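# Remarks on the overall topology
So you can see what is in the structure, the chains are spelled out below.
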Amino acid sequence: MQKRILLMLVFVVSAVGLSGQTMRQYKKAVDEALAKQEYHAALLYIEKIQKTDTTDLDLQYKQAQAARLFNAFILAEKRYQQIIHSEAATKYPEAEFWLASVQKSQGKYDAAITHFSNFIEDNPTTLPELVAEAKEQIQACEWAKELIKFKDKDLRVTYLGENINTVHSDFAPLKTEGGLIFSSLQFQSSKDKAKNPRKYAKVLQLKDMDSQPEPYDLGYSDEEVHTAHLAFNNAKDRIYFNICNYTEGSIIKCKLFYKDKMGDGWGPSVELPAYINAPQATTTQPNLGYIQELRKEVLFFVTDRVGGKGGLDIWYSVIDEDNLPGIPKNLVLLNTNKDEFSPFFHNYSQDLYFSSDGRKSLGGFDIYKSNYQEQWQKVEHTGYPLNSSYNDLYFSLSQDGSEGFFVSNREGTQLLEKDISACCNDIFEAAFNSFFIDLKVLTFRDANGEKIDLSDAKVTVYELFDDVKKEIKASTQPAENAHFFRIKSNKNYRILAEKDGLIPKTITFNTDTVKVGEEVVKELTLGEGTLELLTYNGDLSIPLNEADIQLYELDNRGKRKTPIKMRRTKKNSYYFPIELDRNYEITASKSGFKPATETFASLQITEKSKVITKKIILFPDGGAEIKLDSLKPFPLYFDNDHPNPNTTDTLTGLSFPETIAAYKLKKADFKKGYAEGLSGEAKRQAEAAVENFFEVEMDTSYREFLKFTDAVLTRLEFKRTVEITVEAFTSPLASDEYNLALSKRRISSMLNFYRTYKYGAMKKYVDNGQLTINLESYGESRAPKTISDNKNDRRNSVYSLEASRQRRVEIKRVNTEKQSQRPKFKISSGSE
């Protein structure tokens, strides 16, 4: 395991004496060094042996392992390659997995995918844990290949000079008022007279970038311990830090201490209690943050204590009224079964940054963050080039977000062993073009043209990119209309304000011209929608003026609430204020005409379309004929193999509105699938075509279907039978027999809708046979030849517009006659 060395993120050079030993002693020394995690020592012993023996494959494998763990990836890759191509390769089944791992660590993602795949194929059952990880790593490599295409243009990464970085590990950078504080593993005890003495970490301070680092005065003079990882509280009157000791070989064990301010210096070291420094565990990497919602300061630290998720975990402890950390808790959402490192809480943004090798990464450790909003939010990767295929750790950020520092062993760092390109971690600067800004959003309600404060609205802020948006934060304030956010300069944003019953409001803006310290204020006013009701004479198909109209909102049980006041004209138009996502009932009457009632839901109200227009038709008493056979054909669209996919059932329990609602939720999937392999204008056109199909074509056909259904219901109420002839079309993916069953399920969904329409007004007509459907199912026989029948070509067989339009049902003919008993459902002999 690499974990113990990475506690300090260093690689320790141990004393190695190579003279006067036998080959057997050298090989024993190799094994002892590996056991103590002294990988550099192991490599030196192996190099000595290989001067006389280069054929020992076991030794080559140990060399590859030691080189990998010492970050000597070039040497490790070379040795693993030799092993997997040797005649004895089967003796080392894990070698190809580790070869792929070091290739990923060098950013060689295609080569890594090949070797991970080979490893899976060669070890389908023998190494289940590594096989599972190899599958995850293949996905991570594919993800990494895409991620590095989107380089963060807001970030500039700079290697700090050699006056700061050394051939040893330099780590834990933290910008303070006094300059840059960091830790460095470059010191040795004056008491250690060994040929290659062990190195110790100490804290240094750099007052400006042109000066030389100086020891940071902790008032701690013991040369044979590590002191590192400084963390200051908000008041700057207490400092937390590590004291660590070698235990065996390169293995290090750490504890947390603090010092309080005394005059111009620091007081004595105080060891934190055992509930923080758990016995038998290592406790390291302290960081202090102030969580605004808790109004508390919190100590974050890293430990491998019992009760974690595995490896090194991040724990936190709330600082109590006595200025002492309380009982610690595991940060479960952030931790994995591998290692989490270097927590840093940014007070201004309330983001916790940390590094992990247990999540999808570009390679090794990557930097992630999670925002605190009532609880820890979903973990986010911080992107490229802040992260690389190498280890990236110890990220810290200035208050305004314009400057950060981190540690990496990426290409360009100083090498302890130049011959094998190995070791160590150096400090980098991350300079951002943007800085943090305070955003205040005020929500109002439009009350007949008057703007009044609107509380309890939900406000969500999104950052906009070329073709995607990312949610920054959501806020709901039950008692006020002000919402506060932190955003960044030189960015594009969208604000969405919502409240139950009101039309959502959005605004889009950029922060290109905002200055440091300037607050951005945005106002959003939400209002009600409007129902425009038009009345017509159904006998003459002309406007019907001055009808008596009433609108009711319906409760969840379909019962009427208080009538809604309307604005009336002397013509056939009537206007009502209505709220979003409500159910309503319209009643219309006029002397000499049969009363009419219609229910509807106000789902169609949007910010762009605030008016819903409804037409209600009144027929003269006695029942005029309805010209159903004059209706134009219209398609009803279905999702691929829906409803009830992968069955040969001919009936379904779903109704057609339920199937189309579920279908529309897949719009994003169809956009992505139809645009696969395209780019630029071709991609945008493909996505726009899918958008039009889902939001225009499907909605238009559904509205026509509802008009048709209303006409059918009126006809049935005049005691006439209605026989509907339907043609069903399917895509060419399945067999004729399967498509026939699928077509029947789709017609079954229509019948289910008829049974529930307008609170069951049509059910009796379906059940007694007064309404019948005659199904002529044509299946794939009339499908355009351009529609693919290749299941592997999902872009053309499933997501294309041709395939989407082929999956439909069309009402072709409607026959009416005097009431008679007919079978409820029959199938013609049409071919599939």
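First, a word on scope: everything that follows refers to the structure included in this document. (Residues numbered from 1 in each chain as written. Predicted model: local features only at pLDDT ≥ 70, side-chain atom pairs only at ≥ 80, totals over all residues. Heavy atoms only, no water.)

Attention now goes to the packing of aromatic side chains. Inspection of the entire model under this criterion finds 36 aromatic pairs. Geometrically, the ring pair formed by Phe753 and Tyr754 is tilted, given 6.2 Å between the ring centres and 40° between the ring planes. Of the two residues, Phe753 and Tyr754, both sit in the buried class. Here Arg68 stacks its cationic end above the ring of Trp98, 3.7 Å away from the centre of that ring. (Phe/Tyr/Trp six-rings, centres within 6.5 Å; stacked < 30°, edge-to-face > 60°. Buried < 20%, exposed > 50% of the residue type's maximum accessible area, 1.4 Å probe, protein only. Lys NZ or Arg CZ within 6 Å of the ring centre and 35° of its normal.)

One pass over the full model with this rule turns up 40 salt bridges. The residue Glu691 makes a salt bridge to Lys671 at a minimum N-O spacing of 2.8 Å. In this pair, Glu691 is assigned in helix α11 (residues 680–717) and Lys671 in helix α10 (residues 667–674), connecting sequence segments 20 residues apart. (Salt bridge = Lys/Arg side-chain N within 4 Å of Asp/Glu carboxyl O. Helix = DSSP H or I, 4+ residues; strand = E, 2+ residues; numbered from the N terminus.)

With that out of the way, let us pick up the environment of Phe70. Its place among the elements puts Phe70 in the loop between α4 (57–69) and α5 (73–84). For Phe70, a relative accessible area of 1% corresponds to the buried category. Residues Phe70 and Phe509, spaced 439 residues apart in sequence, show a C-alpha to C-alpha distance of 49 Å.

Residues Tyr61, Tyr80, Ala95, Phe97, Phe116 and Phe119 are the most contacted members of the largest nonpolar core, which totals 49 residues. Of all the secondary structure elements, the ones that give two or more residues to this core are α2 (23–35), α3 (39–50), α4, α5, α6 (95–105), α7 (109–122) and α8 (128–147). Those residues in contact with Tyr80 that lie beyond four places of it in its chain are Tyr61, Ala64, Gln65, Arg68, Ala95, Trp98, Leu99 and Val102. By size, the runner-up hydrophobic cluster in this structure holds 43 residues, among which are Met698, Phe705, Leu716 and Leu733. (Core = buried A, V, L, I, M, F, W, Y, C linked by side-chain atoms within 4.5 Å. Contact = heavy atoms within 4.5 Å.)

With that out of the way, let us pick up the sheet that holds strand β21 (residues 403–408). Read across the open sheet, the 4 strands follow the order β1-β22-β21-β20; overall the sheet is antiparallel. Edge strands, defined here as strands with exactly one partner in the open sheet, are β1 (155–159) and β20 (392–397). Strand after strand, the sheet turns through a mean of 25° between neighbouring axes, direction not considered. Note that β20 and β21 share 4 bridges and pair antiparallel. In the sheet register, Ser396 faces β21, and the bridge partner there is Phe405. (Pairing = 2+ DSSP bridges. Axes fitted to C-alpha atoms, helices over the stretch in contact; angles between N-to-C directions.)

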